[in-house]
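Reading the structure
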Amino acid sequence: MAIVEGDFPRGAKAKDEKREHHGHEKKRKIENLFKGAPSKKVNKRRLNLKKKQSRIKKERQELQSLTTKEKKVIEKEKTMLESIEPLTFKMLAEGMQLLSRVQEVREMDVLLSLPGRIQAVVPITNISTPYTNLLNMLAQGEDVEAKGLKEILVEGELFPCSIKEVTNDGSFKVTASLNPADVNSEIPSTALCKGMKITAAVQSVEDHGYVMDLGISNARSFLPKVPDQDYAVGQIISTCVTGCQIDGHVATLTLSTVDSIKFKQNVELNLSTLIPATKLNVTVNKVLPQGLVVTLGNLVGYVHKDHLVNTNDNVSSYEKSSNYTAVILYTLPLINAVYLSLKSSLVKPIKEKNEKEIIAPGQFFDAMIIESTAVGLFIQLNKTAKGFVPLRHLSDNQDIFEDTRALFPIKSRKRCRVLNHASVDDIYICTMKKSLLTQKALRYEDFTIGEVLEAKIDSVSPAGVSVDLGINLKGFIPKLHWADDPRLKKPELRFRVGNAITCRVLKVMIDRKNIHLTCKKSLLDETVVAYTHPSQLNKNLGLKGTVVMIENNGVLVSFFGDLTGYMPRNRLLKKGISDISRYFYVGQVIDCVVEDIHENGKVTLTLAKSDSEEAVKRTAQPVSNLGTIVTCKVERIFDATEGGSSGLEVSIPSLKSTGFIPVGHLSDFAKFAPHLLHCYRPGQIIDEAVIWVSSKLQTVLTLKPIIVNFIKENRFPESIDEIGMVSVFPCVAARKSLFGIFASLLCPPNKFEVLFPCSQIPPELHSLSEKDVQHLTMEGQVIKVDKEEKKISLSALNTSVLQSDARVLEAFLRERERIRAHLMESSDDGLKNLANMKVGDVVMGKLLTDFNPSADLEFELPNGLKAIVPAYHHAKKASKANDLIVGSVLYCDLILRVVYVTTKDDVIKRITGISKLEPRGNKQKGKILLNTDYFSLVSLVDGKNKDIAFTSNIRSINETTAPLPAPFKVGVDVDVAIDSDTELGKIATYHKTPQSWEAVNRSRNKRASSSDNGPKKKKAKKENVAKTNGKESKENIDPPTEVKTKKTQNKQKQLSELNGTKETEKSSLLETDKSAAKKKTKGKKNLTEQKETTSETCTNGELKDAPSSANKTEAKKKTAEKKKKAQDVPAKKGTPIPKGKRSTSENKDETKTCPEDQKDLSPSKKRRTEAIAESTTKQPRKFDPLALPRLSIASAFKWDDDMTTLPLSTTSQVADSSDSEDEDAEKEKAVVKDRRERAREKLEEAKKEEAKLSQIEEELNNPERAPVTTDDFDRMVLSSPNSSILWVQYMAFHLENAEIEKARTVAQRALKIMSFREEQEKFNVWIAWLNLEHMYGTTEGYESTFQEAIRYNEPFKVYRQMALNFEQSGKFDEAEALYTTMLKKYKQDKSVWMNACLFYVRNSKLDTARGVFQRALTILNKKEHIDLISRFGQLEMKFGQLGRGKTLFDTLLISYPKRTDLWLVYIDTLTKVGDVESARQVLERCITLQLPAKKMKTIFQKFLEFETHHGDEDRQGYVRKKALDYVESKTDVADE
């Protein structure tokens, strides 16, 4: 009933006239009735007032006699509640604070136990403010470390919580928060004091402790570190205040985790400062049947009987005035009540509870009923444990609730089962329902993986089947586990709702409250062991698993639990399976064997023999020869969107088998292959297909025209012996590696894997990804054949090709024609129109963009087709958006669905009314009309005749994937010759090779030659020299004479020069006695004879036979005549030198250099000897051209007395020369006369030698000399060890020769040698090393090098430089990853944000750049915003939307109008982008500003300069007038 209040405008109640009238009538009746009797009038109101006053007076007198303490007790008794009620759901309200205990920590939330046997859920976002911030940073992709809930919360911990939401949708659901900002929200900072217990969250980790977040404004706190104490950011901790300093409204606290400090109770307590979990000393004031009334300070508290010290305690055992330690459970501010607990489990919580005392959920008890209430039954489980059965859990029959006391009498025993534990109340929630008593499992934790269950189908969806496993228990059967073959078309026919189904536990997800099951019959067999962890596996263990993912590199197999294994592709190839997608399907059950178990838990598998044999039997096909041309029929078309490989599945009638044509084998042009796939239809006959792969398991065919034609012409070699050098063959690329591209070369009936080395392929081809390289058509020239190891190397840099550029273009046009024919049959009208368009057709459309003379115009044709007018083909008339454009078709790009149109009148005349020109071969004048990737469109005009021709921009099939730029620009006149006139159009070739092509040829030839003359160049040169010397020696030496080394020859040359004519005569004597010396015995004399022979036959590196006796006399005569001429002629290689005298020591040295002694030399010494010989032979010497004939003199002579001067004389030889003493004496006189001249010549020769050596030294020391060998580089880095340029060049030298490890070693060596002060130089080497590892190394090697570079350099510089390098090299994903990392690590650096914005803008990701810009504004300081907005506005105007950039600048200048630098930047940017009018408007705004004269002068000068370049004289005069007006206005103001 609603209470209606009266309206009392003046404080008095309105009188009721009727009631007053009836009252007067009664008084009259009474008065008339007792009229005759005497009466006394009594005022009751006054009497009651007197009684009240006397009572109050009496109470005051009693209070005056009491003490102050007794007075407070009396006041508390007045406010005490008459009964103590437990906490219920209805009492919960939003913002209420309670004590909670962590009952279960899950992945995304926490389950709490509250008083009153209530449970609450805390989402992960309600843990603490620092933890929520960490989660937000992770969600934004920042690199931060955040621990999971299970790492920062422990089950059993006590925390105060705040109720966030209470919902009742059939069952109560409570959402709570542990965030200190919610729990401590009502505590003012001035109320904080020492000894107070409070919850805090770790905000940051410092060196000596933790900065804590209390959630209280104007409060700062710090928790010192304690040994063996490690907290994470966001973790909540129950702390006590050990120090408190309040300065005004700011409180600074020192916290501690020690729990022995108690709250001070000598202060006035209020409910706002009493936080749950605070311990207090209480005194029992009154004992009630429902609990205890206690006093705590100036407040009254209540302890319910469920929260006494022990679970089985009785209220009657507690006496008045006894003292206890209590914990605050919760407060009720509306009734000013504080509820506490005396439980020892809350006052003194034990971290590790005795396992014997713990009762696990699911246990059965015959419990005794001890109390019956309106909400349920209290039962005694055992001596120490108490339980509670809610009403809903008494029975499955709901009718018994009306008479519970009769059915469940006190002290009777009933069978029950434990469901869970209410840890705050320390009571177990139980059930007496028969359905739950008979149910096998009550929780998801009760299920074990591998257990076989009976379930009931609940629902069927495309993702799987939901089943019912019992009360409050659900399971799920994923689609992959419907059956052994899960590819069911109508699963609802097999799984009907309500039916029972047998399944097996596959995976238990406790956090998600879900179980995954399997219905596969092969897995329901209990003999299949349910392994769940790699530690349970052993090598060669057989497993049965399910295929869950199929990749090109292998198959992923799952087992029970989270156990997975990977079956690599190479293991499957060994089993004969090459096309994985054809022999596996997702959901397939396979038998596999454990091959390896890695330390990180990864498992490598291989297919079991039984499965591989069955696969072979199932898919066995007759083996056919490679290279056979067959006819096949299309059976099925596979698209990549359906998973697996794209291509055609075909049947081969001649082989009675099936085959597969990958999409990459449909064309020689990778660009057309995916579109040609849709040109085929099931049932279509393919007349010519070549068998490319043939095995027992599969047959792969190819339709590549170049391969088919090569087979038809029988040009493929049949064996490796038929592969000749410089031959050109077509190949199909298979894979890409560090060494180059591996391709397949067909040699019917075999196929070889060939290599295109990195140095032998164009850079454009080498930059392709692994995916783009696969199935790529290539042609190469054989450069190396190793028949023993069957290794073949090819070069893609050759100039001789299988097909000319005209034939390649013709093949391109034929493939395009096939796609055009397919589009003409399309149901899409737009595609039909696109396919039917021809050159010269008139089209009309709506312009989409404003006219820009330097950019292409886009407009829309009917049926949604897109058309483009290139910049060259603009009409003179300027157009605006939405204007109609009329033009003629130049070309239709069927791949991009774009039509190229011209609106230029002269071009339209050229392409309309085409007439045929003269036959091919004649030189024609033409003009380039359009350039595409593959060809250029040329207009030919010969008098009145005009025509259109295609000229190829690709010279070989190797350039189809990465075409070179067009050799001529649009509009350029060129000379062409018509090559062929096909039905697709005329094909022409350039009359002369374009210069750009010649430059490419030169660079490629240089690349090929540099790779050929790599590290083996020097070795090959030495071998050639050795071979040449060897051949000469074999031709000229006698059989007993050994091959002389170069050093010996040079020594002999020096000896002959010094000894002159005397030595010549001695050699002649030795020559005459040669036959006698040969007959002597071996030993010392024979060795001496061989040395003599060596002395006379070694002449400047050549070994020749001695001249005959007939020539000796002739030589003697000619010697004197030509001696003087010979002295003036410089020595040359291979020519003899005049001989002179030599000392005995020199002769001895010469004797030691004989070949006999050199045989015993080590290889290193021999090489050193050859090097010395080479340097000696290069020295300029004078020679006598007739010196060699003078070696043979017929007459004998007698030696002089000084026998020691003869290097090779013997006793017998001296005796034989006694007849020539006179002649010898005469010649000695001639020698003495000429001694001075010879000394002078020797001095000159020494000077020349010294000059040559100095020249060589200068060349070696010349810094501009390019190093060509490792010795050169070593010499250079030794001279300049701190030069990063030299070290990087050294690394590049090794990389050119594919010596990656040597280049890496050079980098390591450089970093060790370079001075630590040269930070920039070392940084350059680090960057070069990182580029090396990224391009040629492994991912692990790059990561380790990157981390090391960060350790030794400034990390920011490394990140920035590598990001720039990646961006310049086109590796945008790697660059983006680095920029993302930099934005996380260096978020306060303005340059990082600007570089990131610039990167995204340059790569056409404007939306991403704008998002980065907005993030920068929220993170950077406001003082950085000006420059940031200015620079991003410039980027918007240059690369984005001009309007957005202008808006940014306008907004900025409104806030900072006096920043003239911003005005000038704005004007310059507008001028650069071509918006002259807007720049002029900005300048007009500038001159109206009220700025200092100095700044205004700058603005006027800028305005005048602007009009000088972009305006006329009138505009310049206008600016000058405005400047004068400004000066006059300022002058007038000054005068006033």
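Quick notes on the rules
Residues numbered from 1 in each chain as written. Predicted model: local features only at pLDDT ≥ 70, side-chain atom pairs only at ≥ 80, totals over all residues. Heavy atoms only, no water. Helix = DSSP H or I, 4+ residues; strand = E, 2+ residues; numbered from the N terminus. Buried < 20%, exposed > 50% of the residue type's maximum accessible area, 1.4 Å probe, protein only. Contact = heavy atoms within 4.5 Å. Areas by Shrake-Rupley, 256 points an atom, 1.4 Å probe, with all protein chains shown as cover. Pairing = 2+ DSSP bridges. Axes fitted to C-alpha atoms, helices over the stretch in contact; angles between N-to-C directions. Parallel < 35°, antiparallel > 145°, perpendicular 65-115°, else oblique. Left-handed = near helix turned anticlockwise from the far one by under 90°. Nonpolar A, V, L, I, M, F, W, Y, C, P; charged D, E, K, R; others polar. Polar contact = N/O pair within 3.5 Å; in protein donor to acceptor, adjacent residues only side chain to side chain. Expected span 1.5 Å × (residues − 1). Disulfide = S-S within 2.5 Å. Core = buried A, V, L, I, M, F, W, Y, C linked by side-chain atoms within 4.5 Å. Patch = residues over 30% accessible without salt bridge, like charges linked within 9 Å, V, L, I, M, F, W, Y side chains within 5 Å. Salt bridge = Lys/Arg side-chain N within 4 Å of Asp/Glu carboxyl O. pLDDT = per-residue confidence, 0-100.

The next point concerns the overall build of the chain. Per the secondary structure count, the chain includes 49 helices and 52 strands. In the chain, buried positions account for 43% of the 1536 residues. In the chain, once contacts between residues fewer than 6 apart in sequence are set aside, the share between residues at least 24 apart is 61%. Of the roughly 83900 Å² of accessible surface on the chain, 51% is carried by carbon and sulfur atoms.

Attention shifts here to the pairing of strand β17 (residues 376–380). A large share of β17 lies buried, amounting to five of its five residues. Judged from the five bridges that link them, β17 and strand β18 (residues 386–390) form a sheet pairing that is antiparallel. Across the sheet, F378 pairs through a bridge with F388, a residue of β18. If you look at the hairpin formed by β17 and β18, you'll find five residues sitting between the two strands.

Contact geometry of helix α35 (residues 1270–1279) with helix α36 (residues 1284–1296) gives a least axis separation of 10 Å together with a crossing angle of 165°. The pairing of α35 with α36 is recorded here as roughly antiparallel in orientation. For the pair α35 and α36, the sense of crossing is left-handed. Between α35 and α36, the residues in contact are T1270, F1273, D1274, M1276 and V1277 and L1286, W1287, Q1289, Y1290, F1293 and H1294, respectively. Broken down by class, the residue content of the contact of α35 with α36 amounts to seven nonpolar, three polar and one charged.

A few words on the side chain of Q97. Here Q97 lies in strand β1 (residues 97–105). We classify Q97 as buried; its relative accessible area is 14%. Polar side-chain contacts of Q97 include one of 2.5 Å to the backbone oxygen of V183. Setting aside anything within four residues of it in sequence, one finds Q97 in contact with C161, S162, D182, V183, P276, L329, Y330 and T331.

Turning next to the sheet that holds strand β10 (residues 250–256). Strand pairs in the sheet, formed through backbone hydrogen bonds, run parallel or antiparallel to each other. In spatial order, the strands read β6-β7-β8-β10-β9; together these five strands close into a barrel with mixed pairing. Each strand axis lies, on average, 50° off the axis of its neighbour in the sheet, ignoring direction. As paired strands, strand β9 (residues 236–247) and β10 are joined by seven bridges and run antiparallel to one another. Along β10, the bridge assignment pairs C240 with S256.

Moving on, we come to α36. Along an α-helix, residues three or four apart share an orientation, since each turn contains 3.6 residues. Compared with the 18 Å implied by 1.5 Å per residue over 13 residues, the 18 Å span of α36 between its first and last C-alpha is a close match. Looking at α36, one finds that the buried residues are S1284, L1286, W1287, Y1290, M1291, F1293 and H1294. The elements touched by buried residues of α36 are α35, α37 (1300–1313) and α38 (1319–1336). Just downstream of α36, A1298 is the residue with a positive phi angle, here 60°.

Now for the sheet that holds strand β38 (residues 750–757). Pairing within the closed barrel is mixed, and its five strands lie in the order β36-β37-β38-β40-β39. In this sheet, neighbouring strand axes are inclined to one another by 50° on average, regardless of whether the strands run parallel or antiparallel. In this structure, strand β39 (residues 777–786) lies alongside strand β40 (residues 791–795), joined through five bridges in antiparallel fashion. Residue D786 lies in a different strand from β40, and its bridge partner there is K791. Taken strand by strand, helix α16 (residues 705–712) contacts β36 (728–736), β37 (740–747) and β39, and its axis lies near 140° from that of β36.

This paragraph deals with unusual backbone geometry. Despite not being glycine, R117 shows a phi value in the positive range, around 60°. Of note, R117 is situated in the loop between β2 (109–114) and β3 (118–123). With a relative accessible area of 21%, R117 lands in the partly exposed category. Even without a glycine there, the phi angle at R897 is positive, about 60°. Considering the arrangement of structural elements, one finds R897 in the loop between β44 (884–893) and β45 (898–902). Relative accessible area serves as the criterion here: at 29%, R897 is assigned to the partly exposed category.

Once that is clear, we can look at the state of the cysteines. Throughout the structure, instances matching the rule amount to zero disulfides. Cysteine C416 is unpaired, with the sulfur of C430 as its nearest cysteine sulfur at 4.5 Å.

Across the interface, helix α47 (residues 1476–1486) lies against helix α48 (residues 1493–1510) with an axial gap of 10 Å and an inter-helix angle of 155°. Judged on the interaxial angle alone, α48 and α47 are roughly antiparallel. Read as a crossing pair, α47 and α48 show a hand that is left-handed. When α47 is examined against α48, the residues V1476, A1479, R1480, L1483, E1484 and C1486 are found in contact with a partner set consisting of M1496, I1499, K1502, F1503, F1506, E1507 and H1510. Each residue belonging to the contact of α47 with α48 can be placed in one class, and the counts come to eight nonpolar, one polar and four charged.

Among the secondary structure elements, R1480 is positioned in helix α47. In this structure R1480 comes out as buried when scored by relative accessible area, which is 12%. Once residues within four sequence positions are removed from consideration, R1480 is found in contact with F1506, E1507, H1510, G1511 and R1515.

Turning next to the nonpolar core. Membership of the largest hydrophobic core comes to 80 residues, with the highest contact counts inside it found for W1287, L1330, F1346, V1358 and M1362. When residues no more than four places from it in sequence are discounted, the contact partners of F1346 are L1330, V1358, Y1359, M1362 and L1378. V690, I707, C747 and L765 belong to the second-largest nonpolar core, a separate cluster that totals 49 residues.

With that out of the way, let us pick up the pairing of strand β41 (residues 842–847). Note: β41 against β44, five bridges, orientation antiparallel. Looking across to β44, one finds that M844 is bridged to V886. In this structure, β41 lies alongside strand β42 (residues 857–860), joined through two bridges in antiparallel fashion. In the strand pairing of β42, L847 is matched with F859.

Now for a nonpolar patch on the surface. Judged by side-chain polarity, V842, M844, L884 and V886 come together as a nonpolar surface patch covering roughly 420 Å² of accessible area. Elements with a contribution of two residues or more to the nonpolar patch: β41 and β44. We classify V842 as exposed; its relative accessible area is 63%.

In this section: the confidence of the model for the chain. Looking at the chain, the pLDDT average stands at 76 and 76% of residues meet or exceed 70. Confidence scores differ between elements of the chain, with strand β52 (residues 1102–1103) showing the lowest mean pLDDT of 34 and β3 the highest of 93. In the predicted structure, residues 615–623 sits below a pLDDT of 50 and forms 18 contacts with residues beyond four places in sequence or in another chain. Per-residue pLDDT stays below 50 along residues 1014–1219; that stretch engages in 274 contacts with residues further than four places along the chain or on separate chains.

The final tally for this structure, using the stated rule, is 48 salt bridges. Salt-bridge contacts for R1444 lead to E1436; the nearest nitrogen and oxygen are separated by 3.5 Å. Classification of R1444 by relative accessible area gives partly exposed; the value is 39%. For K1502, the salt bridge is made with D1468, and the minimal N-O distance between the two is 2.5 Å. Placement of K1502 in helix α48 and of D1468 in helix α46 (residues 1460–1472) is noted, with a sequence separation of 34 residues between them.

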